[in-house]
Amino acid sequence: NAGVTQTPKFQVLKTGQSMTLQCAQDMNHNSMYWYRQDPGMGLRLIYYSASEGTTDKGEVPNGYNVSRLNKREFSLRLESAAPSQTSVYFCASSDPSGSTDTQYFGPGTRLTVL
Amino acid sequence: QQQVKQSPQSLIVQKGGISIINCAYENTAFDYFPWYQQFPGKGPALLIAIRPDVSEKKEGRFTISFNKSAKQFSLHIMDSQPGDSATYFCAAMKSSTLGRLYFGRGTQLTVWP
């Protein structure tokens, strides 16, 4: 099993450009999450999806949109990138209905907005 | 408002020493408290977790101590090794909120050989 995969690994954008970060999991998990990690700020939840077809805002949703394409895939879109969105983005998945609340994280996408 | 407060921000320990990282929370509805370990360039990975029905959980050299009345929990790393050098995050969650984890800001641990 690959677990949680993310593409791309690195990306540089100019202010105003758009892009989509892709995430996929092969653990048959119902719930998926997008976090951003900034120095000294820990991990902050952007959006999450409790199940296929549902999405909800997290702590820092402004400037982002998400799509839960199917049970495996959860994408994060930046419509008009800003320098403040320079960060490392992590996707995670979990199965809250199972015996554990563990969230499994992908390797991250390092995004720089110039 | 930060839901989980973590200290210290950085920690330097000699090989063989004990590393201690502390966290505090406000929301008494939280009922799951995991610690995640993150190496440079990697995603966080679950290290150990505890639920409030026990005061301590030990897995190898890693121990969580939980104080429900004080709303505090801590990670103890015994016999710290250079390979333990990483960033550690505490987190808290209310199980009924379908996995919404609230993270502390992280502690960068360096273990000197």
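Refer to the preceding data block for the structure.
So, here is what we can say about the structure in this document. In this text, all values refer to a predicted model and were calculated from it rather than measured experimentally.

Here the focus is the nonpolar core. All names here are of chain B. Ranked by size, the top nonpolar core spans 24 residues in total, and within it Phe 33, Trp 35, Phe 73, Leu 75, Tyr 88 and Leu 109 carry the most contacts. Going through the elements one at a time, β2 (10-14), β3 (19-25), β4 (33-38), β5 (45-50), β7 (62-67), β8 (72-77), β9 (86-93) and β11 (107-112) are the ones with two or more residues in this core. For this core, the element with the highest residue contribution is β9, accounting for 4 residues. Once residues within four sequence positions are removed from consideration, Leu 109 is found in contact with Leu 11, Val 13, Ser 19, Ile 77, Asp 84, Ser 85, Ala 86 and Tyr 88.

Okay, the sheet that holds strand β3 (residues 19-25) of chain A next. All names here are of chain A. Pairing is antiparallel across the open sheet formed by 4 strands, whose spatial order is β1-β3-β8-β7. Only two strands of the sheet have a single neighbouring strand rather than two, namely β1 (4-7) and β7 (64-68). Mean inter-strand twist for the sheet, computed between neighbouring axes without regard to direction, equals 20°. Where β3 meets strand β8 (residues 74-78), 3 bridges bridge the pair, whose relative direction is antiparallel. Residue pairing across strands places Met 19 opposite Leu 78, the latter belonging to β8.

Reports often express the size of an interface as the amount of accessible area lost when the parts come together. Contacts between the two partners involve 23 residues from chain A and, on the opposite side, 20 residues from chain B. When the two sides are added together, the surface that chain A and chain B hide from each other amounts to roughly 1,700 Å², 55% of it contributed by carbon and sulfur. When the buried area of chain A at its contact with chain B is split by residue, A:Leu43, A:Asp101 and A:Phe105 rank highest and sum to 29% of it. Viewed at the interface, chain B and chain A are joined by 0 salt bridges. Going through the elements one at a time, β4 (31-38) and β5 (42-49) of chain A are the ones with two or more residues in the side of chain A that touches chain B. Tallied by class, the residues present in the side of chain A that touches chain B amount to 11 nonpolar, 8 polar and 4 charged.

Cut-offs used in this document
- Residues numbered from 1 in each chain as written.
- Chains lettered and ligands numbered in written order.
- Predicted model: local features only at pLDDT ≥ 70, side-chain atom pairs only at ≥ 80, totals over all residues.
- Heavy atoms only, no water.
- Core = buried A, V, L, I, M, F, W, Y, C linked by side-chain atoms within 4.5 Å.
- Buried < 20%, exposed > 50% of the residue type's maximum accessible area, 1.4 Å probe, protein only.
- Helix = DSSP H or I, 4+ residues; strand = E, 2+ residues; numbered from the N terminus.
- Contact = heavy atoms within 4.5 Å.
- Pairing = 2+ DSSP bridges.
- Axes fitted to C-alpha atoms, helices over the stretch in contact; angles between N-to-C directions.
- Buried area = accessible area lost by both parts, 1.4 Å probe.
- Salt bridge = Lys/Arg side-chain N within 4 Å of Asp/Glu carboxyl O.
- Nonpolar A, V, L, I, M, F, W, Y, C, P; charged D, E, K, R; others polar.

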